[in-house]
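The primary structure of each chain is shown beneath.
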Number of protein chains: 2
Amino acid sequence: ESQLPGFATHQVGVAGAVVDESNGKVLVVQDRNKTTNAWKFPGGLSDPGENIGATAVREVFEETGVRSEFRSLLSVRQQHNHPGAFGMSDMYMICRLRPLTYDINFCTRECLRCEWLDLAELTRTSDTTPITARIARLLLHGLERGFGEIDLSMEEIPAIYSGRFYQLYHRQLPSLVTHI
Amino acid sequence: ESQLPGFATHQVGVAGAVVDESNGKVLVVQDRNKTTNAWKFPGGLSDPGENIGATAVREVFEETGVRSEFRSLLSVRQQHNHPGAFGMSDMYMICRLRPLTYDINFCTRECLRCEWLDLAELTRTSDTTPITARIARLLLHGLERGFGEIDLSMEEIPAIYSGRFYQLYHRQLPSLVTHI
């Protein structure tokens, strides 16, 4: 790694795809103040020091009222110089979450609509963003063939020098036992 | 996503695991100025506006003299408040690279040693870091069963509002054709 300390160049945004495995539905919202009413997964920016999974669970609850728990990391998007980021780069992670509650009580300040939508329908509708449609197809594959096909699982590992823990995400392989 | 612009909270570091598929070796370095001489993958911090894969290729070349090309994203690590980051959080990505040249000409200012090391040996040695050993096991699995088992493939996709391109990484599934 670099010998210079560097500086923060990225904001981190996280969205949560809460999948109800019992009926194949996923929790989606439509943002207020957008020109198109596209379905997307609820999410937002990480607070300083907040883990990816914690951001996803928090943002889903704040926007939709649904409680959930982290299951896996599904995708990473890197974007530079996009409008509204003021020269920062953006790392946007989409997580798979499992619902703990199901009643929707959405934030009317942030959202125009919020629904449990059929995953198959989300793969077909034109009322969504390209990234949401893509992840919906991944999730549908996972629902049919097992989420192990699409997940990056997370593990907490002690840092070698500081003794603090970090979170490591990668494909979980059958041959990888949980201790290192 | 948040209605507030937010601010940069993360630095992004990238390491490159350059795998020679013809002989099962991987390019590793030992940093100068560390208390233990642990083998690790060459890498460093992203420059502002630089893509993950470009950072990996650039850092590998700067540290080792080996030219390579990006193949996939293998893992993501998130770490908060670690020593040397001055309150920033750190997102550390490990990429799989394919070598284009093989001769080592390493940077003696940054590295103590640089070698093409047998992947199987890297999974067994105690002279490495936990994350390097873990990724070595992933890579060995990929070498034996196909890298499709461990890769997150990358695709460039036009942003819906700005028309700029972003990079999206996720599991490549047989059912996912390349257009959206």
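In this report, the structure presented in the accompanying data block is examined. (Residues numbered from 1 in each chain as written. Chains lettered and ligands numbered in written order. Predicted model: local features only at pLDDT ≥ 70, side-chain atom pairs only at ≥ 80, totals over all residues. Heavy atoms only, no water.)

### Observations concerning the interface of chain B and chain A
Stage number 1. Residue-level contacts link 77 residues of chain B with 76 residues of chain A.
Stage number 2. For the pairing of chain B and chain A, the buried interface totals around 6800 Å² over both sides, and the portion due to carbon and sulfur atoms is 57%.
Stage number 3. One can count two salt bridges joining chain B with chain A.
Stage number 4. The partner of Glu 155 of chain A in a salt bridge is Arg 134 of chain B, with the nearest N and O atoms 3.0 Å apart.
Stage number 5. Remark: the boundary between chain B and chain A carries 25 residue pairs in polar contact (both at pLDDT 80 or more). (Contact = heavy atoms within 4.5 Å. Buried area = accessible area lost by both parts, 1.4 Å probe. Salt bridge = Lys/Arg side-chain N within 4 Å of Asp/Glu carboxyl O. Polar contact = N/O pair within 3.5 Å; in protein donor to acceptor, adjacent residues only side chain to side chain.)

### Details of the relation of the copies chain B and chain A
Stage number 1. Mapping chain B onto chain A calls for a screw motion: a turn of 180 degrees about the axis and a shift of 0.0 Å along it, with 0.0 Å RMSD after fitting. Here the copies are linked by what is in effect a two-fold axis.
Stage number 2. Interface overlap between copies is the fraction of interface residues in one copy that are interface residues in the other; for chain B against chain A it reaches 99%, indicating a shared surface. (Least-squares fit on C-alpha atoms with pLDDT ≥ 70 in both.)

### What about the pairing of strand 9 (residues 165–170) of chain B?
Stage number 1. Counting buried positions along strand 9 of chain B gives five out of six residues, so the element sits mostly inside the fold.
Stage number 2. Inspection of the sheet shows strand 5 (residues 68–80) of chain A paired to strand 9 of chain B by four bridges, in the antiparallel sense. Bridge assignment links Ser 75 of chain A to a residue of strand 9 of chain B, and that residue is His 170 of chain B.
Stage number 3. Here strand 8 (residues 153–158) of chain B runs beside strand 9 of chain B; their pairing, made up of six bridges, is antiparallel. Note on strand 9 of chain B: the bridge partner recorded for Ser 153 of chain B is His 170 of chain B. (Buried < 20%, exposed > 50% of the residue type's maximum accessible area, 1.4 Å probe, protein only. Helix = DSSP H or I, 4+ residues; strand = E, 2+ residues; numbered from the N terminus. Pairing = 2+ DSSP bridges.)

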